[in-house]
Structures are given as C-alpha cells and as structure tokens.
Amino acid sequence: MQTIPIPHVDPLPLPGPVWLFTALLLVVFTLHVVAMNSALGGGIWALWNYLRGRHASHPYSHRLARELASMLPVFLAFTVTLGVAALLFVQVLFGNFLYASSILIGVLWLAVIPLVMVAYYGFYYFSYTAEQGKGVSGCVLAISVCVLLGIAFIFVNNMTLMESPERWLAMYRAHPNGWNLNLGDHSVIPRYLHIVNGAIALFSAILAYLGMRKMKVDAEYGRWIVQRSALIFTACTGLQFLLGMWLLLAIPRAIALALLLDPLGGAVFGLALMSVIAAMLLILLGSLAEKPSSLVYAGFAMSLVTLFLMVCLRYLLRLAYLKPYVNLGALAIRPQIGVIALFLLLFVGGLATVGYMLWLVARSGKAPVTAVAPY
Amino acid sequence: MNYPLWQLAIPGGMLIALVAVLHVFVSHFAVGGGFFLVLTENLARRQKDAALLDYCRRHSRFFALLTLVFGAISGVGIWFTIGLVSPEATSTLIHTFVWAWAIEWVFFFVEIAAAIIYYRTWDSLPARDHQIVGWIYFVAAWMSLFVINGILTFMLTPGRWIETQNFWDGMFNPTFLPSLVARSAVSVILAGIFGYVTLPRQEGREKVARLAALWMIAGALVLPLALWWYFARIPQFSRLYLNGVLIGVRHAVRGGVGFTLLALAIALVCGVWKPRWMRAPVVALLVICGLGMIGAGEYLREFVRKPWVINQVIYANDVRAAQMETLQAKGVSHTANFLLTDDTTSAAYGENLFHLQCGSCHAAQGYRGMRRRVEGWDSEFAADILQHLPMMHGTMPPYAGDEVDRKALGSYLAALNPAWHFEITDGNRLEVGERVFEARCGHCHSVNGNFRPLRGVFENQTPAQVQEMFPALGAMSPNMPNFNAPDDQAQALAFYISHEAGKPLLHKPAPPEMPTGTTHSQLVRPAQPRLEVR
C-alpha cells in the first residue's frame, strides 16, 4: 500500500502559542463569514428584490435593492479583508495541509483572484447604476452573484481537500497541472449547499436587524423588511437542518462519531442546535406582531452566536479529520512576545481608529446640513 | 520536494512576477495616491479652488475603484500565487513574520475602511473631518508598505537573522531603510502619473497637470539616491549580477532607466510646458512607462536574489539549503513526497525531476526554455554538467539529487533536442566549432570576453595542442565536466578555440569579476586564467 504523503511541518518553531492562533483564527474567520454571508446572501437578496422591484406594484423591493446596492461593495471589501486574516492564521497552524491541497486544485484556486475582481467590479457597477434601473444592472448583479457562488464552491473543495490527505497522491498523479476538484468526497455538495443556504439565512437575520433600525425612520417599510426577512430566515434555517443532516451523513461515519461523541464537540453541537432554535423562535415571534418587538434583536444576536458555534464546530471537525496526521500540541513554539504585544496594541488602536472614523460619519449624519461647508 | 509541484506551462516564477508587478504597480499608487489626494484636497480648500476640489472628488473615485478592488485583490493574489509556487518559502516566511503580517493586516484593515469612507463622504463630512480620514488613510497605507518592505528585503538580506533567528533582526535588515525610501519615492512618482488619468478637461487642467508633474519630479529626484544606497547594501553576489554579464539584467537596467526618463520627459513637456498636449494617448503612454519602471525594478530585485528565494535558507526552486545534503545522498525518489512515478528508470521520472528542480525558472520551451539551452548535449554530458550548476552565471542552485537522479534528468534534458551529426568540411569547421563551444563550454566560459576567458590558457596553441588537453579537462578542476564529444566535434572545437585565442584583441575586456556561485555553494571557484592583452 502506498503511504500517505504529508508535507513535513516547517522546521522553524511557531512564533506564538497554538491557543492564541486558534482563538484569532476562530474570531477572524467568524467575522469573515459574517461579511461573506452579507456579500453573498445580500447579493442574492438584492438580485431577487431588484427583479421583483421592477414592477411598480413592489416599491419596497425596489427601494431595498437600491439600498443594498450601495452596501454590497463594502460587504465584499470586508469579506476579503477579514478573509486575508483568516488565511494568515490558518497557514500558521495547517499550512502544510493547505498548501498541498491548494496546489492540487491550483488552477481553480488561483482563479478565485480574478473571479473576486469580477464580482467586486460588478457590485460597484450595480451600485452606480441601480438607481437608474437599467436592464443591464440586473444582469451584472446576477453575474456577480453567480461568480460568488462559484468562488464558494472552489473554497469548499479546497477546505475539504486539505482535510483528506489520503486523496492527494492519486489526484496529483491524475492531473499535476492543478485541474482537479474534490468531488470524490461525498461531503462537498452538502457542505456547499449548507454554506450557501446558511449565507442567505444569516443575511436574512442581519436584514431583520437592519429592518428594526429602519422602523425608527419609516415604520411601514421597516416592518416590511423585518417580516419578509424573518420569513426567509425561518425557511432557510428549516432547510439548514435537513442540509446539516445530509452533511453529517456524508462525512465518514468514524469522523462524525468522533466529533459528536467528543465532550467538547458534542457540547458545541448541542449548544449550536439550541441557539439556532432560539434564534428562529425569537425572530419569528418578534416579527409576527403588528409592531415587531425587540425579540428580533435577541434573535439576531442568537444567530450570530450560532454562527460562532458553527465555526468552532467546523474547526473541531477539521481536527477530527486530521487527527491521524497532526498534533498541534507537539509543535515547537518560540513566542515572539514583543511583536505579539505590539500586534495586540495596534489591533486595539486600529479598531479605535475605525471606530473614530465611523463616529465622524455618524456625527455628520446628525449635524444640520449647513455644517457641511464646501471649503 | 516536500509539496506537490504545480506543473504549469510557464515557469512558476514568471507567474509570481506577473501577479507581483501588477500588484506593486497599483499598491504603490495606493500609498502615493493617498498622499497626493489628501494634500491636494488641503490645497484646494485653502485656496478655495472649486475646480481642484472637484478634481479630487473625481480622482478619489478612480483611486478607490483601482486600489480597493484591483490593488487589494491582487495583493491577495500574491499570497495565493506564492503558496502555490513556493510553499516551502511561504511557510518559512509565515513562521518568521506571521505577526508582522498580522500588524500589516491591521493597517490594511484601517486603510480599506478609511478609503471607503473617504471617497463616499465628500458631501456629508465637514472639511476638517474629511481630511482627517484622508490622513488616516495615508498613514495606514504607508505603514502597511513599511511592514511589507521589511519582509521583502529580508528575503535578499536576512542579515543577522541567519544567526539569531530574531524577528527584529530579520525585519530591520540591512536593506530595510534604503528600500523603504526607494519604494516611497516610487509611490510619489506613481501618484503623479496616475494623477493625469482623471485630469480635468477644462477648468483647472493646467494646475493639476503641473501639480502632477511636480510629484513625478520630486519622486524622481529621490529615487536614484535611494537606489544607489540600496545597491550599496545588497550582498556581493547580487551586485555582481549588475556588472553587465547577463543580458536580461542589462536590458532590465536600461529599460528601467529608459522608462523613468521617458516618463519625466513627458511630464516636463506635456505636464509643465504644454498641458493641453496631455491627451488620453499621452496619459496611456505615461501609465505604460510607470508599469515598465515597476516591471524592470521588480525584475532586478528578484533577479539579484538568485539562486535564492530566501538568501542562504531556501533556493529559488523551493529546496531548503539544509535539505541539500540529504537529497544528494539519498536521492529525490527517497525524499520527495509527491512523485508522478515510482519507476526511477523511466523517462517520466526524468521529466518529473525537471519540473521539481528546474520548473520554478525554466520550462521545456519558451521563455527561459531548456530546449535551446541544451542543444548539442548528450545525456552523459548533461548528467555531468548538473553537478556544476552554480558555476553557470551563479544564478543556479546546486543540483538536489543523487547519481540516479542526475542520470534521469540528464537523459530528459538531452532528449529535448536530437543529437548532433555534422558533415564537417574545411568550409564549416569554424562555424561548427563555435556551436560546439557554445554547447559545451559557453555556459561557463568565453574565449576573449570577460566571462571566465580561456584566452590565457590556449593562446599560441595549435588546434592539435588544444585538442590534446581535452581528455584531461575533467581532472583540471572539480568544476569542470568530463569532455566526451565525438572526435569530429572535438576537432572543430579545438580549431575554433585556437583560432579565437589567436586573434589580436582590439580592446581590453572588462575585469573578469562575475558571480560564480561560490558565494552560495561548496564548490571551489577555478583560478582565473591570466589575461594578457596584445
């Protein structure tokens, strides 16, 4: 039998403790997923409402599509920015697995870069032209959304492939030029659908939150958003249970059992189930009333908690997959204490700077128009 | 050897170069252009110049569309590409500098947020606040350049890090400062060049045109000094590449200087003197000059690091220096993780080795293609010469494999071209001799040039005397391959060498100092033959 080739770990020690890299990875990846779900789920929402809003009988849809249009490029900007951080930290811990699987699907993996540019410029085009209601806007947005769906598919292929070293050699020998996909893995399709459906669900929860805020300026429009997004959130979350079950069944039995029977894995799984049910009930109950109540806010918060738990579960699943090949506890460590401290300091400073700029923007929104002089 | 090798139709290094040049072009504009915007906005507001302010607003939209999308995403593109082409080196950089990248990411995050706010709030933010956001943008952008510059310069001049493996030694390495100044100057030049892209058609045209030219000139005044400082700090072997021996380097130097001077000339003529001449085609030419300048600079920066990707740590083909002995002792077949075949006697194994060892810089054909380089080689000679790779211009890493591997790769290389058969006559003897010289000797020697000249050895010798020396060549120096050409070719070669060495020299060749690879290999540099000028 052919041995399974695993690239050896870098001879240099890790420049920080494993727990710190893990924590940073989980946090930035969660934020990345929030932004990604906003870009992808928001793109789908915008497209649907743009098409619906072309009829005069749906003015709210038209308005929502227009409002989403200006947000989409920002969502995508932060998807990329936060994704870079996640990519950085995952390379530290699992670089030897990620580089290998990326090379195996090299052509498609590199295609992500021009594809993101296409989607990004499409979003910008849509945001500049949506107001004018040109027919071509819808087409461009549809292309952007399709491209994002394609990128998600490439990512799912790579993220599953990096956890399956036993597939690598045969795949490499079949196509050393990087024209591979991991479709031989039965979990790829359900995982992909789970992620796309999850993106629509999470963005619906975000939209419910935005709708609640909107109600303060335009009660009827805000209520329309809340109720509509609550409905989609509930439907998608219901579907998510089925897709989740499919995914669990598609994962090799031993790995699924190892994950769920592990005290930590089982606990995270149980908590995620509880929190998603809570999110669903809260958003549904909150939105049903004539005047949606603040339960929607709680439901939105619970959906974010669910997302974080799912991200943790995904990490534990990766550990379960890679258990025969990786032992993070055995890695040599030589922490660069001074640089870590500097990073944390600058991180806080960076957040404060962004907060300050947002405060400037918020303050200007409240100021009377006369305060904004041209010079 | 550790990772699967992505087999592309082009050398992997070329792919990195393509992505990197485009990214560097836009990302330096992202730094300089931010500075340009915030200063020009300030000028417009102080002078209450509505046309100039309107220009800033339009320019900021162009700026955001180019830098936020293309600039930022192509930067991620470099990450993706280096991970695919040089995973070993990427891993080492990550293990050394992950916190530097994390810090850079903080600045990047602030930069993106500030850019979005800046270009979207011309109408809503008070003048002072808007400029504050602009300054935040510029500082964050320049700081991200500051950090990345440390990692980039580390790759050529790791300095004391080699002994200490201390983060700060690697970061603030010998070329950190000169490179930072040079990159900042380039950013200022690019700010001027791109400033023309949104040049107003009517009102304010002349003012903007002159302002942009001023930026280009200011950057161009600092750049040569910074580059001179930079080249004074790079390693000896890198400096030797610039002495004119290598054609590619020569072209790059000329191209870089030429593009920069042309851009300056355009700025002076169509920017300062006759702003109405600054039409779209001229602006396009200016942008191309900017790209050419960046392309040449990046080419040189990458080239002078050869044969390393990280100096003294990892070779350009992603093989660790520390792995070399194991690879040469045990062979690739017992060391590499991802081979396409297990049969070390097959032709497929030779091809696989070629991709593994040479694929980062060479393809079988095309740019840096091997087919024309191995013309006239037989498999024995090819296998032999693989032992002496660092002697060939010093740009090549040592061969990482055992004897079986050398034979397999030698056979593959020799098979790229059919064997030579000449009908040698008195009429073509010199011409054939020259071709044999190029194939057998020309990779490491010239007869009369400054490239390890052989004149001193063979001067005043008859063809027969020259040919007598051939069988002993392999024993003359550990860096010489054995001579095994067929008799008729040997005869032609001897005739050519004797003929060339006997020619009167018109001028004294440049000193024979050149990169030999001895800075980075265990091989001994041969004693240079003494050159006498008639």
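Please read all numbers here as calculations on a predicted model, not as lab measurements.

Enquirer: I'd like a description of the overall build of chain B, backed by residues and values.
Expert: Summing up its helical and strand segments, chain B has 20 helices and two strands in all. Put simply, chain B has 534 residues, and 52% of those count as buried. Look at the contacts in chain B between residues 6 or more apart in sequence, and 76% of them connect residues 24 or more apart.

Enquirer: Kindly report on the interface of chain A and chain B, identifying the contributing residues and their values.
Expert: Listed by partner, the interface residues are 59 residues for chain A and 56 residues for chain B. It is helix α2 (residues 59-104) of chain A that provides the largest number of residues to the side of chain A that touches chain B, a total of 16 residues. Among the residues making up the side of chain A that touches chain B, the classes are represented as 44 nonpolar, 13 polar and two charged.

Enquirer: Summarise the confidence of the model for chain A; cite the residues concerned and give the values.
Expert: Mean pLDDT over chain A works out to 94, with 96% of the residues at or above the 70 mark. Residue range residues 368-375 of chain A is modelled with pLDDT below 50. Its contacts to residues more than four positions away, or to other chains, number nine contacts.

Enquirer: Outline the domain arrangement of chain A, supporting the account with residue identities and numerical values.
Expert: A common way to express how large an interface is: the accessible area buried when the components associate. Residue and element names in this part refer to chain A. Along its sequence, chain A is organised into domain 1 (13-185) and domain 2 (200-323). Each partner contributes to the interface: domain 1 provides 17 residues, whereas domain 2 provides 16 residues. Looking at the side of domain 1 that touches domain 2, the elements that each hand over two or more residues are α1 (18-52) and α2. Sorting elements by how many residues they give to the side of domain 1 that touches domain 2 places α1 first, with eleven residues. Of the residues assigned to the side of domain 1 that touches domain 2, the class counts are nine nonpolar, six polar and two charged.

Enquirer: Tell me about the domain arrangement of chain B, and name the residues and values.
Expert: Residues and elements named next belong to chain B. What the domain assignment reports for chain B is domain 1 (12-315) and domain 2 (321-415). On a C-alpha basis, the centres of domain 1 and domain 2 stand 37 Å from each other. With twelve residues of domain 1 in contact, the opposing surface of domain 2 contributes eleven residues. Among the secondary structure elements, those contributing two or more residues to the side of domain 1 that touches domain 2 are α1 (12-46) and β2 (314-315).

Enquirer: Can you explain the packing of helix α8 (residues 253-261) of chain A against helix α10 (residues 295-322) of chain A? Please cite residues and give values.
Expert: Residues and elements named next belong to chain A. α10 packs onto α8 with a crossing angle of 130° between their chain directions and a minimal axis gap of 9 Å. For the element pair α8 / α10, the angle class is oblique. Note on packing geometry: the crossing formed by α8 with α10 is right-handed. When α8 is examined against α10, the residues Ile255, Ala258 and Leu259 are found in contact with a partner set consisting of Leu316, Leu317, Ala320 and Tyr321.

Enquirer: Summarise the packing of α1(B) against helix α4 (residues 127-156) of chain B; cite the residues concerned and give the values.
Expert: All names here are of chain B. One way to put it is that α1 packs onto α4 with a least axis distance of 8 Å and a crossing angle of 160°. In terms of orientation, α1 and α4 fall into the roughly antiparallel class. As for the relative orientation of α1 and α4, their crossing is left-handed in sense. Only Ala127, Gln131, Gly134, Trp135, Tyr137, Phe138, Ala141, Trp142 and Leu145 of α4 make contact with α1, whose side of the interface consists of Ala30, Val31, Gly34, Phe35, Leu37, Val38, Glu41, Asn42 and Arg45.

Enquirer: Tell me about unusual backbone geometry, and please be specific about residues and values.
Expert: It is generally the case that most residues other than glycine have a negative phi and that most peptide bonds are trans. Residue and element names in this part refer to chain B. In this structure, proline 307 follows lysine 306 across a cis peptide bond, with omega equal to 10°. With respect to the helices and strands, the residue proline 307 is situated in the loop between α11 (280-303) and β1 (308-310). Unlike most non-glycine residues, lysine 48 shows phi in positive territory, near 50°. For lysine 48, the location among the structural elements is in the loop between α1 and α2 (50-85). Overall, the presence of 10 C-beta atoms within 10 Å leaves lysine 48 in the exposed class. The phi dihedral of glutamine 165 falls on the positive side, at around 50°, and the residue is not glycine. Mapped onto the elements, glutamine 165 comes out in the loop between α5 (161-164) and α6 (167-171).

What counts and what doesn't
- Residues numbered from 1 in each chain as written.
- Chains lettered and ligands numbered in written order.
- Predicted model: local features only at pLDDT ≥ 70, side-chain atom pairs only at ≥ 80, totals over all residues.
- Helix = DSSP H or I, 4+ residues; strand = E, 2+ residues; numbered from the N terminus.
- Buried ≥ 20, exposed ≤ 12 C-beta atoms within 10 Å, placed from the backbone.
- Contact = placed C-beta atoms within 7 Å.
- Nonpolar A, V, L, I, M, F, W, Y, C, P; charged D, E, K, R; others polar.
- pLDDT = per-residue confidence, 0-100.
- Domains from an automatic or database assignment.
- Axes fitted to C-alpha atoms, helices over the stretch in contact; angles between N-to-C directions.
- Parallel < 35°, antiparallel > 145°, perpendicular 65-115°, else oblique.
- Left-handed = near helix turned anticlockwise from the far one by under 90°.

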